Amino acid sequence: METTSRVGAQAPAAEGGQQLPSARRTVDGYLQAPFPWYGLDEAFTGPRWLMQVGTAADGAVEHGSIGHGDEPSVRNEAGSAGEPREKFAVVVTVAAQPSRRSADGTGLLEATSVSSAAWLAGVGLLSFTWPGQMDHSLRDDWLEQQTETAWALADDLEGPEWSRLSLPVDGVAASFHYRESEFGWVLAGTTDAGVHLGAYGRGMSAYGLGFAVVKDVAAYA
C-alpha cells in the first residue's frame, strides 16, 4: 500500500507574518476522506487529537490516525526512573479498498486489508519508540530493521506472535488480532463500515477499549 503522509506540522508563515493554522490544514485531510473515521468510544473521556492522514499516489485519502490520552514522544519511551510513562492509544482507520486503477489511469493501487492496518499500527508504535541505551547514530538502522519486522508480523496475522482479542466496535463485539512487545501493544481488525481498524498504545490497556465512529472529526482539531 503505497501512501504518502500529510502531517499537521508547524505551519509556514503567511503574508504579514501571520501563522497559517496547522490544525485546520490537518483536519482538512480528514474531511476529504470518503469513509468514516474511528476513535475510542464514549467510555474514554480523556484528550483526543488528530495526527495525520495518508494518501494514495493519486492524492485520495486512504488512512489516518487519531490519538487518545497523552501525546506520545520519543523521549519518554524508556520509562526512565523519575519520569512518568505516557499513557496513550492511537486508532488507525484504513479504507477497505480492492486493487484498483489510479484516478489518472497510470498505475495500479494496491488493495488494503487487515494486514495494512496491522502494519500501519506497528510502524506507528515504532515512531515513538527508541531503546534508551541505543546511540542516536544507530536509530535509523534499528528503525529500518524493526519496520521490516512489523511488516513481516502484519503479513502473518495467524502466526504465533498474535492472539485474538474481542472488543466492541459500534457497540458490537468484534474480533481483533493482538500482540504485545516491550514497547507497547498493537491490534488490527475490520468493521462493517467499509474500513479496517488498527490501534497501538502503551501505558493504557487494550483490553478495556472500545471503538466507535467519530461523529464530528473537526471537533478534534
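Within each chain, residue numbers correspond to sequence positions counted from 1 in written order. In keeping with the model being predicted, local features are shown solely for residues with a pLDDT of at least 70 and side-chain atom pairs are shown and tallied solely at 80 or more, while totals for entire chains, interfaces and linings include all residues. Hydrogens are left out, water is left out, and the side-chain values use all remaining heavy atoms of the structure.

(A) Up close: helix H2 (residues 114-126). Strands here are runs of E lasting at least two residues and helices are runs of H or I lasting at least four, both read from the DSSP assignment and numbered beginning at the N terminus. Here the expected span of a helix is defined as 1.5 Å times the quantity of residues minus one. Compared with the 18 Å implied by 1.5 Å per residue over 13 residues, the 19 Å span of H2 between its first and last C-alpha is a close match. Listed in full, the buried residues belonging to H2 are Val114, Ser115, Ser116, Ala117, Ala118, Leu120, Ala121, Gly122, Gly124, Leu125 and Leu126. Within 3.5 Å is the distance limit for a polar contact, defined as a pair of N or O atoms, with the added protein rule that one can donate a hydrogen and the other accept it, and that residues adjacent in sequence qualify only through two side-chain atoms. Its side-chain oxygen placed 3.2 Å from the backbone nitrogen of Ser115, Ser113 serves as the N-cap of H2. Buried, partly exposed and exposed residues are distinguished by accessible area as a fraction of the type maximum, computed with a 1.4 Å probe on protein chains only: under 20%, between the cut-offs, and over 50%, respectively.

(B) How the structure looks around the environment of Gly39. Its location among the elements puts Gly39 in strand S2 (residues 38-40). In this structure the C-alpha to C-alpha distance between Gly39 and Ala199, which are 160 residues apart in sequence, comes to 9.3 Å. Contact partners of Gly39, with chain neighbours within four places excluded, come to Arg48, His68, Val91, Gly210, Phe211, Ala212 and Val214. What makes two residues a contact is simply this: any of their non-hydrogen atoms within 4.5 Å.

(C) View of unusual backbone geometry. You will see that Asp170, though not glycine, has its phi angle at about 55°, which is positive. You can see Asp170 is positioned in the loop between strand S8 (163-169) and strand S9 (172-181).

(D) Molecular detail of the pairing of S8. Strand pairing requires that DSSP identify at least two bridges connecting the strands. Of the strand pairs in this sheet, S8 and S9 are connected by seven bridges, and their pairing is antiparallel. Its bridge partner being in S9, Ser163 is matched across the sheet by Tyr178. In this structure, the hairpin formed by S8 and S9 is closed by a connection of two residues, where Asp170 is found at a positive phi of approximately 55°.

(E) Molecular detail of the pattern of salt bridges. What makes a salt bridge here is a side-chain nitrogen of Lys or Arg within 4 Å of a carboxyl oxygen of Asp or Glu, nothing more. Here the structure, examined in full by the defined rule, presents three salt bridges. Across the pair Glu86 and Arg202 runs a salt bridge whose closest N-O atoms are separated by 3.0 Å. Within this pair, whereas Glu86 is found in the loop between strand S4 (61-69) and strand S5 (88-95), its partner Arg202 is found in strand S11 (residues 195-202), the two being separated by 116 residues in sequence. For the pair shown, Glu86 and Arg202 are each scored as buried. With its nearest N and O atoms 3.4 Å apart, the salt bridge here joins Glu158 to Arg164. Here the two residues Glu158 and Arg164 agree in accessibility, since each one is exposed.

(F) Fine view of the pairing of S4. Of all nine residues making up S4, nine are buried, and the element is well covered by its neighbours. Pairing between strand S3 (residues 48-55) and S4: six bridges, direction antiparallel. Across the sheet, residue Thr55 finds its bridge partner in S4, namely Val61. With antiparallel pairing between neighbouring strands as the criterion, S3 and S4 make up a hairpin whose turn holds five residues, including Gly59 at a positive phi of roughly 90°. The pairing of S4 with S5 spans seven bridges and is classified as antiparallel. In the sheet register, Gly64 faces S5, and the bridge partner there is Thr93.

(G) Fine view of the packing of aromatic side chains. Aromatic contacts are taken between Phe, Tyr and Trp rings whose centres are within 6.5 Å, Trp giving its six-membered ring; a plane angle under 30 degrees counts as stacked, one over 60 as edge-to-face, and the others as tilted. Throughout the structure, instances matching the rule amount to seven aromatic pairs. An aromatic cluster is built from Tyr30, Phe35 and Trp37, whose rings are joined through pairwise contacts.

(H) Expanded view of the nonpolar core. Core analysis: the biggest nonpolar cluster contains 54 residues, and Trp37, Leu187, Tyr200 and Phe211 have the highest contact counts within it. It is S5 that provides the largest number of residues to this core, a total of seven residues. With residues near it in sequence (within four places) discarded, Tyr200 still touches Met51, Phe88, Ala89, Val90, Val92, Ala121, Gly124, Leu125, Phe128, Trp185 and Val186. The definition of a nonpolar core used throughout is a set of buried Ala, Val, Leu, Ile, Met, Phe, Trp, Tyr and Cys residues joined through side-chain atoms within 4.5 Å.

(I) Region of interest: the confidence of the model for the chain. On average, residues of the chain score 79 in pLDDT, and 72% of them are at 70 or above. Residue-level confidence of the predictor, termed pLDDT, takes values from 0 up to 100. Residue range residues 1-21 is modelled with pLDDT below 50. Its contacts to residues more than four positions away, or to other chains, number 47 contacts. Low confidence marks residues 75-82, where pLDDT is under 50. Its contacts with residues over four positions away, or in another chain, come to 16 contacts.

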